[in-house]
Amino acid sequence: MNFAKVGRVAAASMITGALMASAVSAETLRLSHNTGDSTTWHKGAERFGELLADKTGGDLDVRVFPNAQLSGGDQMRQAEMVGRGALDLVVTSAINVTPLVPEMAVFSLPYLYANYDQVDATTQGAPGEMLSDILLEKGIVVLAWGENGFREVTNNVRPITSPEDMEGLNMRVAGPMYIDVMNELGANPQQMQWGETMTALQQGVVDGQENPIGAVIIPQQIYEVQEYLTTWHYSYDPIFLGISKDKWDSYDSDMQTALSEAAQEAMDYQRQITREDTASGLDFLREQGMEIYEPTAEELDAFRTATKPAFDEWADKVGADIVNTFQEAIANAD
């Protein structure tokens, strides 16, 4: 008997068995988000998967599904599906969760924020923790907050320099609060899934839309179908990376730590690249042929005044305690 050969075969069998056991033990988590695969949302989600695989030695793997594929294209359903355990993970924006958690609209109240320091004081501080607690009641564990950004307005009809310029424009919006804001400005809001928006803009079904520059307008190539952009900074929209509470509870403390650390690092990266792309975005958009209008402080005050009724209405829906907590954090950030 060739004992050396037998030994080699046995060793090879052990290695093969170990590899097979490893493959079997690896768990793949499904992560859904509602933008395309060129956006910073997607890049942040992919970075999360890479970090998580590294931190867990390959025990957890993440498969990313863009364009709300797993919710039939319905971006508003993703968080609800995670809450009941039908999806493992989600990256979505606060405004997309307002049908499930109206309090999430607080982040996007018109002209709540003036700068990133104020934003970070809420998403990375006690106000963000307060909203995370509310989402937990819906079965969603917030692992980390990222950024969609300050939402700017684009259209194909005329430059927007005053509230009056919004009169009569057919505007695609993402959620209920933005419907009320657009109504106050005299526009005709149409709530529409993101997957339908580019076609609607191309065909003239809607005149314009509003979204952040770095996270959406540039990577989704809005500049190819829109002529005018105004940097009115009227609303901020964070994103968050959340996991089903049922899935979260199924892991031990070490795995939960790995999930939290990977999420925080990934969303830190996602915020950074979003802000970098936003900072260089206006020059890029001008190069692409867009006409950019940057309002003065007085002109921004006019937009702020015009949208104040919508602010007050949604502040009531959110609740005074939450709004006050946000405003205090913002004031202390100055």
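Located above this text is the structure these notes cover.
As a starting point, this report considers the structure included with it. (Residues numbered from 1 in each chain as written. Predicted model: local features only at pLDDT ≥ 70, side-chain atom pairs only at ≥ 80, totals over all residues. Heavy atoms only, no water.)

### With respect to the side chain of aspartate 207
Checked against the element boundaries, aspartate 207 lands in the loop between helix H7 (194–203) and strand E7 (208–212). One buried charged side chain, aspartate 207, makes no salt bridge at all; its nearest oppositely charged neighbour is arginine 158, positioned 7.4 Å away. Excluding residues that lie within four positions of it along the chain, aspartate 207 makes contacts with Asn155, Asn156, Val157, Gly168, Leu169, Asn170, Leu201 and Gln226. (Helix = DSSP H or I, 4+ residues; strand = E, 2+ residues; numbered from the N terminus. Buried < 20%, exposed > 50% of the residue type's maximum accessible area, 1.4 Å probe, protein only. Lys, Arg positive; Asp, Glu negative; His and termini not counted. Salt bridge = Lys/Arg side-chain N within 4 Å of Asp/Glu carboxyl O. Contact = heavy atoms within 4.5 Å.)

### With respect to the environment of alanine 279
Inspection of the secondary structure puts alanine 279 in helix H10 (residues 253–279). With 20 residues separating them in the primary sequence, alanine 279 and leucine 259 have C-alpha atoms 30 Å apart.

### Some remarks on the pattern of salt bridges
Applying the stated criterion to the full structure yields 17 salt bridges. The partner of aspartate 120 in a salt bridge is arginine 275, with the nearest N and O atoms 2.8 Å apart. Of this pair, aspartate 120 sits in helix H4 (residues 116–123) while arginine 275 sits in helix H10, and the two are 155 residues apart along the sequence. Under the relative-accessibility criterion, aspartate 120 is labelled partly exposed at 23%. For arginine 275, a relative accessible area of 18% corresponds to the buried category. Residues aspartate 283 and arginine 286 are paired through a salt bridge, measuring 3.6 Å at the closest nitrogen-oxygen approach.

### Some words on helix H2 (residues 40–55)
For H2, built from 16 residues, the straight-helix expectation of 22 Å at 1.5 Å per residue is met to within 8% by its first-to-last C-alpha distance of 22 Å. The complete set of buried residues in H2 reads Thr40, Trp41, His42, Gly44, Ala45, Phe48, Gly49, Leu51 and Leu52. Where H2 terminates, the next one or two residues include glycine 57, which has phi positive at roughly 60 degrees. (Expected span 1.5 Å × (residues − 1).)

### Quick word on the pairing of strand E1 (residues 27–33)
Here E1 runs beside strand E2 (residues 60–65); their pairing, made up of six bridges, is parallel. Paired with serine 32 across the bridge in E2 is phenylalanine 65. Note that the unit made of E1, H2 and E2 has a crossover that is right-handed. (Pairing = 2+ DSSP bridges. Right-handed = clockwise from strand over helix to strand, strands pointing away.)

### Side note on the environment of glutamine 69
In this fold, glutamine 69 is placed in the loop between E2 and helix H3 (78–83). Sequence separation between glutamine 69 and threonine 35 is 34 residues, and the spatial gap between their C-alpha atoms is 10.0 Å.

### Things to note about the nonpolar core
The biggest cluster of nonpolar side chains holds 54 residues, and the ones touching the most others in it are Met104, Met166 and Trp232. If we skip the residues at most four places from it in the chain, tryptophan 232 touches Tyr111, Arg151, Glu152, Val153, Met166, Met182, Leu185, Pro295, Leu300 and Phe303. (Core = buried A, V, L, I, M, F, W, Y, C linked by side-chain atoms within 4.5 Å.)

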